[in-house]
Amino acid sequence: MWKVEELSKNVGFLDYRGKTPKKVSSGIPLITAKNVKMGFVQTDPQEFIDPDFYDEWMTRGFPKEGDVLFTTEAPLGNVAQLGSYKKVSIGQRLITLQPNEDFIHSSFLKYLLMSPQMQAKIHLQATGATVLGIKAKLLKKIPISYPSLSEQKRIVAILDQAFEGIDKAIAGTEQNLKNARELFDSYINGIFEGPVNWKSKKLSCLCPKITVGHVGSMASKYVKSGVPFLRSQNVRPFRIDLANVKYIDQNFNQALQKSMLAPGDVAIVRTGYPGTAAVIPSDLHVSNCADLVIARTGPELNPHFLVLFLNSPIGKALVGGNLVGAAQKHFNVTAAKNVDFPIPSLREQEELVSKANLVAASVEALSAGLQSKLDQLQQLKQSLLQRAFSGELTVSGAQEAAKVA
């Protein structure tokens, strides 16, 4: 018989708020929301806080090994279990859950919070127009269902064993996916390594137009449909992604003639991942943009060859040397114009782009297959959690699932 009661009945909450203490290169480890993933604390990246501020920051209580960490927003609902630390600090947007082990096993609580049933309850209570999140007071009131402690331990043992195999398969697939991406990076880097017979020219000599997209507040200018208005998140390496594109009306588009885009233009990210570049495709007849460097190539330069260079490790390193700005590094128009660009003949550019496209297609197909496998493995974990918290999990069923992984 499973009990049903509010989460806070047998679970304590540590919720840290306020300004995060000074970060240092080494000190007391700081766990932030980006470290909480897939049930574990990821230590890459690892940040630290100044030990002098530790006691002041941890006045709400100290976490201990086995505690469950929960992200309250951006992203909402990620879960991890805390390992052994001599001292550790917990960042904002995280709640530390401390179960009463006489009633709720800590690993059971971790799996419960990860389950589709619990995630659905959490998201129903979440609020926020732009960033979805949940307050501690609402999380505390969410009802949970749990069996006897012995049954909890049985469920945990089955899930631990099954997830160990699945997580190994995930780690191996992620490494293969990384290797596939590095393979393409290595290929395009080889194109630009030490070409002895290529000329080198400033980008300003090869592009009759290098300018920057609109810079300024846009929140009140967006409309439901109209002229696509590209931002940094719409420019991916080698492609324009319109999944979350914004729109402006024709009148505002005409007012922003300087930042109008045309098919064949090269859009280059200024801030965030500076230097990331893509060619505006032929089917995007009319568009505009914000905070992007726009390069219109002349007769000596194929725009796809420019994009190949900018997205290569060598191109990224060169762009990195031209970054400006103290608070947030960005790539500006002056820096773009001064980039020394190695350039072969137009015919050779076209041949190199064609060969790179063939390699890219092969790597993309391989990556798509690996990503599909990753998605299936994650779905398998969710299926096991669904069954575990519906009272349908058996040892044999979990073992079969692990074999599939």
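Residues numbered from 1 in each chain as written. Predicted model: local features only at pLDDT ≥ 70, side-chain atom pairs only at ≥ 80, totals over all residues. Heavy atoms only, no water.

Asks: Which residues make up the sheet that holds strand S15 (residues 227-230), and what are the values?
Replies: Judged by pairing direction, the sheet is mixed, and its three strands sit side by side in the order S18-S15-S21 without closing on themselves. Taken across any chain shown, the strands that pair with only one partner, and hence form the sheet edges, are strand S18 (246-248) and strand S21 (288-289). Sheet analysis places S15 next to S21, joined by two bridges and oriented parallel. Residue pairing in the sheet places phenylalanine 229 in a bridge with asparagine 288 of S21. (Pairing = 2+ DSSP bridges. Helix = DSSP H or I, 4+ residues; strand = E, 2+ residues; numbered from the N terminus.)

Asks: I'd love a proper account of the packing of aromatic side chains, names of residues and values included.
Replies: Counting across every chain of the model gives 13 aromatic pairs. On the numbers, 5.3 Å between centres and 90 degrees between planes, the contact of tyrosine 111 with phenylalanine 163 is edge-to-face. Placement of the pair is tyrosine 111 in helix H2 (residues 106-114) and phenylalanine 163 in helix H5 (residues 149-192), with a sequence separation of 52 residues. Residue tyrosine 111 shares its accessibility class with phenylalanine 163, and that shared class is buried. Ring geometry for tryptophan 198 versus phenylalanine 305: centroids 6.0 Å apart, planes at 65 degrees, classification edge-to-face. Placement of the pair is tryptophan 198 in the loop between H5 and strand S13 (199-202) and phenylalanine 305 in helix H8 (residues 303-311), with a sequence separation of 107 residues. Like tryptophan 198, the residue phenylalanine 305 is buried in the burial classification. (Phe/Tyr/Trp six-rings, centres within 6.5 Å; stacked < 30°, edge-to-face > 60°. Buried < 20%, exposed > 50% of the residue type's maximum accessible area, 1.4 Å probe, protein only.)

Asks: Tell me about unusual backbone geometry, residues and numbers included.
Replies: Residue proline 45 is bonded to the preceding aspartate 44 through a cis peptide linkage, with omega at 10 degrees. Inspection of the secondary structure assignment puts proline 45 in the loop between strand S6 (40-41) and strand S7 (47-49). Of note, the amide linkage connecting alanine 74 to proline 75 takes the cis form, showing an omega dihedral of 0 degrees. Phi is positive for arginine 93, which is not a glycine, with a value near 65 degrees. Mapped onto the fold, arginine 93 is located in the loop between strand S10 (89-90) and strand S11 (94-99). Phi is positive for phenylalanine 238, which is not a glycine, with a value near 75 degrees. Mapped onto the elements, phenylalanine 238 comes out in the loop between strand S16 (235-236) and strand S17 (239-240). The exposure class of phenylalanine 238 is partly exposed, given its relative accessible area of 35%.

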